[in-house]
Amino acid sequence: DQQVKQNSPSLSVQEGRISILNCDYTNSMFDYFLWYKKYPAEGPTFLISISSIKDKNEDGRFTVFLNKSAKHLSLHIVPSQPGDSAVYFCAATAGGTSYGKLTFGQGTILTVHP
Amino acid sequence: DGGITQSPKYLFRKEGQNVTLSCEQNLNHDAMYWYRQDPGQGLRLIYYSQIVNDFQKGDIAEGYSVSREKKESFPLTVTSAQKNPTAFYLCASSPTGQRNTEAFFGQGTRLTVV
């Protein structure tokens, strides 16, 4: 049972345009959501997160939106840059005693063309 | 610099052999995790430990074993019982008792069965 889903395996955008990556979840106990960026043969690096008490969190070019009623979150990158090309993973946790126990989506490969 | 070190980066194993992947962290985190990544899939949790001398199975623990004798170290043994061991293995750590904090990942070990 896939509790976190990223239905778009890949996304291609032009440099300077907006990239929108989507993520859906089914477990209503999830209360903290994260986006990680990953290059091939490297570990994921944390990008941005959002708590379930918020509906938006912004950090520079990156903004994450959370729609709890739809169990949907999205990552917006504006403007997109070629260096943003990577695999992006959405992750969620139900908190409790350990916030590192994450459930990941399948990932979306983002390609930003110059 | 504080971080998580996984070794080796590449590992080859013959069928029927056990192999141990190393993970060390100097972030003073209580919790540590092992994830596995397969092509086209998200990261799946193998084992996690929230405190020394204690660990729990994740979603895909069969064929794996771990130990947590020291706070800094969380080695993963891939046993001969693991039917499809070829994958990219990622170790992570996070502080416990803190809400809304991300997990930090190592650079990964690619295990190939030959």
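Before reading on, note that the structure itself is shown above.
Just so we're clear, the structure is a prediction, and the values are computed from it rather than from any experiment.

Q: Could you clarify how one ought to interpret the overall build of chain A in this entry?
A: Helix and strand counts for chain A stand at 0 helices and 11 strands. For chain A, the α and β elements follow one another from N to C terminus as β-β-β-β-β-β-β-β-β-β-β. By the compact-globule yardstick of 13 Å for 114 residues, chain A fits well, its C-alpha radius of gyration being 13 Å. For chain A, with 114 residues in total, the buried portion stands at 46%. A sequence separation of at least 24 residues applies to 55% of the contacts in chain A between residues at least 6 apart. Just so you have it, chain A exposes about 5300 Å², and 50% of that area is on carbon and sulfur atoms. Charge centroids of chain A, computed over 10 positive and 9 negative side chains, lie 3 Å from each other.

Q: How should the sheet that holds strand β3 (residues 19-25) of chain B be read in this particular structure?
A: Backbone-to-backbone hydrogen bonds join strands into a sheet, with any given pair of strands oriented parallel or antiparallel. Residues and elements named next belong to chain B. Spatially, the 4 strands line up as an open sheet ordered β1-β3-β8-β7, and their pairing is antiparallel. Each end of this open sheet is capped by a strand with a single partner; those strands are β1 (4-7) and β7 (64-66). Each strand axis lies, on average, 20° off the axis of its neighbour in the sheet, ignoring direction. Across 3 bridges, the pairing between β3 and strand β8 (residues 76-78) is antiparallel. Its bridge partner lying in β8, L21 is registered against L76.

Q: Help me understand the nonpolar core in this model?
A: Proteins that are soluble and globular tend to have nonpolar side chains buried together. Residues A:F33, A:W35, A:L73, A:L75 and A:Y88 are the most contacted members of the largest nonpolar core, which totals 23 residues. Elements that contribute at least two residues to this core include exactly β3 (19-25), β4 (32-38), β5 (45-51), β7 (62-67), β8 (72-77), β9 (86-93) and β11 (108-113) of chain A. Examining the composition of this core, we find that 4 residues originate from one element, β9(A), more than from any other. Apart from the residues within four sequence positions on either side, A:L75 is in contact with A:S19, A:I20, A:L21, A:W35, A:L47, A:I48, A:F62, A:T63 and A:Y88. Ranked by size, the runner-up nonpolar core spans 20 residues in total, among them B:L21, B:M32, B:F74 and B:C91.

Q: Would you explain the packing of aromatic side chains in this entry?
A: One pass over the structure, following the stated rule, counts 13 aromatic pairs over all chains. Ring geometry for A:Y25 versus A:F33: centroids 4.7 Å apart, planes at 40°, classification tilted. Between the aromatic rings of A:F89 and A:F104, the centroid separation amounts to 6.2 Å while the plane-to-plane angle is 90°, which identifies the pairing as edge-to-face. Placement of the pair is A:F89 in strand β9 and A:F104 in strand β10 (residues 103-104), with a sequence separation of 15 residues. An aromatic cluster of at least three residues, connected via ring pairs, comprises A:Y36, A:F46, A:F89, A:F104, B:Y33, B:Y35, B:Y48 and B:F105. One cation-aromatic arrangement involves B:R68 over B:F74; the distance from NZ or CZ to the ring centre is 6.0 Å.

Q: Is there a simple way to think about the interface of chain B and chain A in this case?
A: Put simply, an interface is often sized by how much accessible area is lost when its parts join up. Listed by partner, the interface residues are 26 residues for chain B and 21 residues for chain A. Of the roughly 1900 Å² buried where chain B meets chain A, counting both sides, 54% is carbon and sulfur surface. Between chain B and chain A we count 0 salt bridges in total. For the interface between chain B and chain A, the tally reads 4 residue pairs in polar contact (both at pLDDT 80 or more). Those elements giving two or more residues to the side of chain B that touches chain A turn out to be β4 (31-37), β5 (43-51) and β9 (87-94) of chain B. Residue classes in the side of chain B that touches chain A are distributed as 10 nonpolar, 13 polar and 3 charged.

Criteria and thresholds
- Residues numbered from 1 in each chain as written.
- Chains lettered and ligands numbered in written order.
- Predicted model: local features only at pLDDT ≥ 70, side-chain atom pairs only at ≥ 80, totals over all residues.
- Heavy atoms only, no water.
- Helix = DSSP H or I, 4+ residues; strand = E, 2+ residues; numbered from the N terminus.
- Rg over C-alpha atoms; globule rule 2.2 N^0.38 Å.
- Buried < 20%, exposed > 50% of the residue type's maximum accessible area, 1.4 Å probe, protein only.
- Contact = heavy atoms within 4.5 Å.
- Areas by Shrake-Rupley, 256 points an atom, 1.4 Å probe, with all protein chains shown as cover.
- Lys, Arg positive; Asp, Glu negative; His and termini not counted.
- Charge placed at Lys NZ, Arg CZ, Asp CG, Glu CD.
- Pairing = 2+ DSSP bridges.
- Axes fitted to C-alpha atoms, helices over the stretch in contact; angles between N-to-C directions.
- Core = buried A, V, L, I, M, F, W, Y, C linked by side-chain atoms within 4.5 Å.
- Phe/Tyr/Trp six-rings, centres within 6.5 Å; stacked < 30°, edge-to-face > 60°.
- Lys NZ or Arg CZ within 6 Å of the ring centre and 35° of its normal.
- Buried area = accessible area lost by both parts, 1.4 Å probe.
- Salt bridge = Lys/Arg side-chain N within 4 Å of Asp/Glu carboxyl O.
- Polar contact = N/O pair within 3.5 Å; in protein donor to acceptor, adjacent residues only side chain to side chain.
- Nonpolar A, V, L, I, M, F, W, Y, C, P; charged D, E, K, R; others polar.

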